[in-house]
Amino acid sequence: MDATTADTIFRPAIPPRRTGKPLSLLPFLWISWRDPIQMWSQRHFTEPQLHGNSAFGEILVVSHPEGVRHVLTENAANYVKGDLQRRVLGPMLAEGLLLTEGDTWRRARRILAPLFTPAKMATLNARMAEVCQARVAGWSLSARGRVLDIDSEMSGLTFDILSATMFSDELGGEARGFERALNQFLANGARIDPLDVLGAPDWAPRLGRLASFRSARFFEQRVTTLVEARRARIEAGEAAPDDLLSALLLARDENGGPGLSDEEVAANILTFILAGHETTARALGWTLHLLSRQPEYLAQLQAEADAFDVSDPKWADALPWTRAVLDETMRLFPPAPTMARKALADDEIGGQAIKAGATVIISPWILQRHSLLWDDPDAFKPERFLPQNRKSIDRYAYIPFSAGPRVCIGAAFAIQEAMIALAAILRMAEVEALTTVEPRPVHQITLRSREPMRLRLRARRRG
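Residues numbered from 1 in each chain as written. Predicted model: local features only at pLDDT ≥ 70, side-chain atom pairs only at ≥ 80, totals over all residues. Heavy atoms only, no water.

A. Region of interest: the side chain of His289. Here His289 shows up in helix 13 (residues 262-293). The contacts of His289, once residues within four sequence positions are left out, are Phe10, Glu438, Pro439, Met453 and Leu455. (Helix = DSSP H or I, 4+ residues; strand = E, 2+ residues; numbered from the N terminus. Contact = heavy atoms within 4.5 Å.)

B. Main features of the environment of Leu97. Here Leu97 is to be found in the loop between helix 3 (83-93) and helix 4 (102-112). In this structure the C-alpha to C-alpha distance between Leu97 and Val265, which are 168 residues apart in sequence, comes to 9.9 Å. With residues up to four places along the chain from it excluded, the contact list for Leu97 reads Trp105, Ala108, Arg109, Leu112, Asn268, Thr271, Arg406 and Ile409.

C. Representation of the sheet that holds strand 1 (residues 49-54). Taken in spatial order, the five strands of this open sheet run 1-2-8-5-3, and their pairing is mixed. Of all the strands in the sheet, just strand 1 and strand 3 (79-81) have a single pairing partner and so form its edges. Taking the axes of each pair of neighbouring strands and ignoring which way they run, one obtains an average angle of 30° across the sheet. One ladder, built from four bridges, connects strand 5 (residues 339-343) with strand 8 (residues 359-362); its direction is antiparallel. Following the sheet pairing, Arg341 is matched in strand 8 by Val360. The strands touched by helix 2 (residues 65-74) are strand 2 (57-62), strand 3, strand 5 and strand 8; relative to strand 8, the strand with the most contacts, the crossing angle is about 120°. (Pairing = 2+ DSSP bridges. Axes fitted to C-alpha atoms, helices over the stretch in contact; angles between N-to-C directions.)

D. Summary view of the side chain of Thr280. Here Thr280 is to be found in helix 13. Overall, Thr280 belongs to the buried group, its relative accessible area being 3%. Non-local contacts of Thr280, meaning those with residues more than four positions away in its chain, are made with Thr158, Ala414, Glu417 and Ala418. (Buried < 20%, exposed > 50% of the residue type's maximum accessible area, 1.4 Å probe, protein only.)

E. Molecular detail of the packing of aromatic side chains. Evaluated as defined, the whole model comprises seven aromatic pairs. Arranged with centres 5.8 Å apart and planes meeting at 40°, the rings of Tyr297 and Trp321 form a pair that is tilted. Of this pair, Tyr297 sits in helix 14 (residues 295-306) while Trp321 is found in helix 15 (residues 320-332), placing the two residues 24 residues apart along the sequence. An identical accessibility class is assigned to Tyr297 and Trp321; each is buried. Ring-pair connections join several aromatic residues into one group, and the members of that group are Tyr297, Trp321 and Phe380. Its guanidinium or amino end placed over the ring of Trp374, Arg331 lies 5.0 Å from that ring's centre, counting from NZ or CZ. The positively charged end of Arg369 is found above the aromatic ring belonging to Trp365, 4.4 Å away from the centroid. (Phe/Tyr/Trp six-rings, centres within 6.5 Å; stacked < 30°, edge-to-face > 60°. Lys NZ or Arg CZ within 6 Å of the ring centre and 35° of its normal.)

F. Quick look at helix 14. For helix 14, which comprises 12 residues, the first-to-last C-alpha distance of 16 Å matches the rise-based estimate of 16 Å (1.5 Å per residue) to within 8%. Those residues of helix 14 that sit buried are Tyr297, Leu298, Leu301, Gln302, Glu304 and Ala305. Seen end-on, helix 14 carries its buried residues on one side only, within an arc spanning 160°. For helix 14, the secondary structure elements touched by its buried residues are helix 13, helix 15, helix 18 (411-428) and strand 9 (429-433). (Expected span 1.5 Å × (residues − 1). Arc of directions from axis to C-beta.)

Right under this line is the structure:
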């Protein structure tokens, strides 16, 4: 397929960008709580980096590949996750790979890395495909079509995949309960509370945390029970399912140290649910929305899906447009839109000196829509990511899974899961928009649609 012409290029809706002065304290606190994606000004998308001082200290927003490489890779040891992220997510994920630092993080990463090699991930392909096919069959699509809440369906699908591959379906049937709890947590407990921004002590009550207490407890209790039951089976000498949960419990430190404690296993499972299941669901939802607006790309992916054979070891090579559309979607709608780091020592980035304690922000939402890095940055143009074009994209201009030592350990899992899911859906379904009104992205840890995304899926006519 040829690249789309100018009159067919689609540009999805985005929140308006500020053009005035930097935000004062009260508007900053309000936007941080309501939707942090609205705090960025037009200057952030046109200038390589912006430096300033605020009531919260020194801040540098870095939006050029050299600076991103410096912070995430070359001098990564000088930059740690900030206190704000630990305050927001710590109640659930404190011992997980996403939030730990230093030797604790290095030990856990060393233990977990062998579980996420490409060879290990390849053993999950067939099971992922089975789950996706069953989910699509459950929609009972007809020629008349069926209107689906795509956000909810993709959450259910990715949870089914997680349950099948990580827990051998021992969480089967609980997708709706987990989805409700996760939605409540993200809508309330995961908001950036003004008290967290202001550095109030932990004992000060946060309204969002109080509102999401039951959902956090649901996650913790259900996962803890699962871990304890599997640990008991292993210690009793019973045959344990060959899945990721067993692998986590049996993994050992190659340096001779102990494996992960039950608490660390539970925290990492919760991390996989939030950083894996949730982010992949959002990427799939935005992808289907974009395809509903661009029938020519939809037809291209359907043609690839018709020839898809998951038993072929090189199946991914046969889906170049599927991968390109997924990558372009994650460029426009990065599942994790912002990363913050705190400098441990004085440093210099892009010619700007910063002091120890400064906050350095790298936002894929900005970086991947930056006018200095992308042609027509707000347009949906998947051909950017076709194999012949991809090599021209700087590694540090496109970071949906972060980069450097803390690159997402589950990136390969997420990519193959999303590609297999898209192939399974598009082999069976036509995808149609219900309205010309565009969904608006909102930042709630992940990048979600402010209103539920509803699409009509029809059974494809053959022959």
